[in-house]
Amino acid sequence: MNLVSLNIESIQIGHPLPFVLRGADGVLLAQKGYVIRTREELAKMVARGRELCVDTDESGDSHRAYLAQLQRMLIADTNLGEIAAMKMTAAEESASRARSGKALADWPELQLRATQLLRAPSPGDFGARFQALHDELTRQCEQAPDATLLALIYLSAQETRMYSATHSLLVSCVCMVVAREMLRWPDGRVQQLGQAALSMNIAMTELQDQLAQQTHPLTAAQITAVENHAARSEVLLRHLGVADPLWLEAVRCHHHRSPGPLDKKTQAQQMARLVQRADIFGARLAPRFARLPMPVTAAMQASYYDEDHQVDEAGGALVKTLGVYPPGAFVRLASREVGVVIRRGTTATTPRVAVVTNRDGMPTGEPIPRDTGMPPWKVTGVVAFKDMRVQLSLERLLQMV
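Residues numbered from 1 in each chain as written. Predicted model: local features only at pLDDT ≥ 70, side-chain atom pairs only at ≥ 80, totals over all residues. Heavy atoms only, no water.

### Describing the environment of valine 324
Along the chain, valine 324 turns up in the loop between helix 16 (313-322) and strand 5 (330-333). Separated by 28 residues in sequence, valine 324 and valine 296 place their C-alpha atoms 8.3 Å apart. Here valine 324 is in contact with Thr297, Met300, Val319, Ala348 and Thr349, once residues within four sequence places are set aside. (Helix = DSSP H or I, 4+ residues; strand = E, 2+ residues; numbered from the N terminus. Contact = heavy atoms within 4.5 Å.)

### Brief notes about the nonpolar core
Among soluble globular proteins, nonpolar side chains are generally buried collectively. Counting 81 residues, the largest nonpolar core has Trp107, Phe281 and Leu318 as its most contacted members. With eleven residues, helix 8 (residues 163-181) is the single largest residue contributor to this core. Residue contacts for leucine 318: discarding those within four places in its chain leaves Val174, Val178, Arg277, Ala278, Phe281, Met300 and Ser303. Of all hydrophobic cores here, the second largest spans 14 residues; its members include Leu6, Phe19, Leu42 and Met45. (Core = buried A, V, L, I, M, F, W, Y, C linked by side-chain atoms within 4.5 Å. Buried < 20%, exposed > 50% of the residue type's maximum accessible area, 1.4 Å probe, protein only.)

### Some remarks on unusual backbone geometry
Despite not being glycine, arginine 184 has its phi angle at roughly 60 degrees, a positive value. Looking at the element boundaries, arginine 184 is found in the loop between helix 8 and helix 9 (187-199). Of the residues examined, arginine 184 reaches a relative accessible area of 64% and is grouped as exposed. Although it is not a glycine, histidine 309 sits at a positive phi angle of roughly 65 degrees. Looking at the element boundaries, histidine 309 is found in the loop between helix 15 (296-304) and helix 16.

### A closer look at the side chain of serine 156
With respect to the helices and strands, the residue serine 156 is situated in helix 7 (residues 145-156). Sequence-distant contacts of serine 156, defined by excluding residues within four places in its chain, comprise Thr166, Leu170, Leu285, Ala286 and Pro287.

### Re the pattern of salt bridges
In this structure the tally under the stated criterion is 15 salt bridges. Between glutamate 307 and arginine 273 there is a salt bridge, with its nearest N and O atoms 2.9 Å apart. You can see glutamate 307 sitting in the loop between helix 15 and helix 16 and its partner arginine 273 sitting in helix 14 (residues 267-285), a full 34 residues away along the chain. Residue glutamate 307 is classed as partly exposed on the basis of its relative accessible area of 23%. Here lysine 386 and aspartate 387 are joined by a salt bridge, their closest N and O atoms 3.0 Å apart. Through salt bridges that share partners, Arg273, Arg277, Glu307 and Asp312 make up one connected network. (Salt bridge = Lys/Arg side-chain N within 4 Å of Asp/Glu carboxyl O.)

### Re the sheet that holds strand 6 (residues 338-343)
Spatially, the five strands line up as an open sheet ordered 8-7-6-5-9, and their pairing is antiparallel. The two strands at the open ends of the sheet, each matched to only one other strand, are strand 8 (363-371) and strand 9 (379-383). Ignoring which end each strand starts from, the neighbouring axes of this sheet average 35 degrees apart. Pairing between strand 6 and strand 7 (residues 352-357): five bridges, direction antiparallel. (Pairing = 2+ DSSP bridges. Axes fitted to C-alpha atoms, helices over the stretch in contact; angles between N-to-C directions.)

### Concerning the packing of helix 5 (residues 107-119) against helix 6 (residues 126-143)
Between helix 5 and helix 6, the least distance of the axes is 11 Å, while the angle of their chain directions is 150 degrees. Of the possible angle classes, the one that applies to helix 5 and helix 6 is roughly antiparallel. Between helix 5 and helix 6 lies a crossing of left-handed hand. Residue-level inspection shows Trp107, Leu110, Arg113, Ala114, Gln116 and Leu117 of helix 5 in contact with helix 6, the latter providing Phe126, Arg129, Phe130, Ala132, Leu133, Glu136, Leu137 and Gln140. Tallied by class, the residues present in the contact of helix 5 with helix 6 amount to nine nonpolar, two polar and three charged. (Parallel < 35°, antiparallel > 145°, perpendicular 65-115°, else oblique. Left-handed = near helix turned anticlockwise from the far one by under 90°. Nonpolar A, V, L, I, M, F, W, Y, C, P; charged D, E, K, R; others polar.)

### Side note on the packing of aromatic side chains
Two aromatic rings, taken as a pair, are described by how far apart their centres are and by the angle between their planes. Tallied over the full model, the rule gives six aromatic pairs. When the ring of phenylalanine 130 is compared with that of tryptophan 247, the centres are 5.3 Å apart and the planes differ by 25 degrees; the resulting orientation is stacked. Taken as a pair, phenylalanine 130 in helix 6 and tryptophan 247 in helix 13 (residues 245-252) lie far apart in primary sequence, 117 residues in all. Here phenylalanine 130 matches tryptophan 247 in class, with each residue buried. Ring pairing ties together the aromatic residues Phe126, Phe130 and Trp247, which thus form one cluster. We note arginine 189 situated over the ring of tryptophan 185; from NZ or CZ to the ring centre the distance is 3.7 Å. (Phe/Tyr/Trp six-rings, centres within 6.5 Å; stacked < 30°, edge-to-face > 60°. Lys NZ or Arg CZ within 6 Å of the ring centre and 35° of its normal.)

Printed below as a string of structure tokens:
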């Protein structure tokens, strides 16, 4: 551990921390992404840790920004005493992102945080860590819903190592976007819904990751664990300190087969039904070692129709919100070009697309934006993720949203 003192004035109240915050003795004060709400809360952290510090071994870009600042001071022949007294600034990473034009979420880092949290939850810090992660997801869904959907659908189509957490992130964000934009649920209920979706599989996170890479059929013990995981997740969440009855009931009921109008259900049942529809959508998108992912249109159809082969109200809301070709899906255009959907369009079938291969199937190099509402670039079908042979930069695609 290599601790560097942090300037307290540089911490932005109400914004996610860009690195893990530690005390002078290395004790953990706050995880990366945690939002410090008030100056009083910050003062309590200082009292606990005697000083605010960052471990340069785990601080990533923030440490690189710190070193860059140090180098600039050396080049400018800054007084050695001033250099020695320099403290890392928490705003460095935020400023760097602002200079790039957009404050993009670090989705691989969020995948890792979610995996660590859901695989080995501890009553001592679960509440704070879970809330920090969920706050970040909420902010992304509110401020950049298309970029959020793009990132998570794109990642879900290829992730097996951290499958369970990635799936929960996707389902949580899909549910919150649908509930806010289409169902018009109040903010508090949207939060409960997102929390339920994010924690729905907490009792089988490690097993889900194992099953994603398993090639042989499930054992009897694995089948039992999968079948009763919803009830076990509720029990575990209670043990971890969750007391919200709607959150807990939605988790317990998220695999119940209960077709029918939403207005005939309780609030918790409505939440559970939307989680179930999004769960089906996300599961169909994801690959396993034993099978390939479904095309996005098939995943949409699976969530759109209920157990009685009728249009499901919650599933219909999902499809109407995300569109027939949601962000992150690969599509073929009338021009014979292939691109990835980066933003929803004015209709469900006219998304904004970034072309990545030309009509001859060759990479374009730089993604080319296309408006599929224009006849030359009309969407003619979907392309399976497995058929794409182009290396893409998710960060570059997100910058185009």
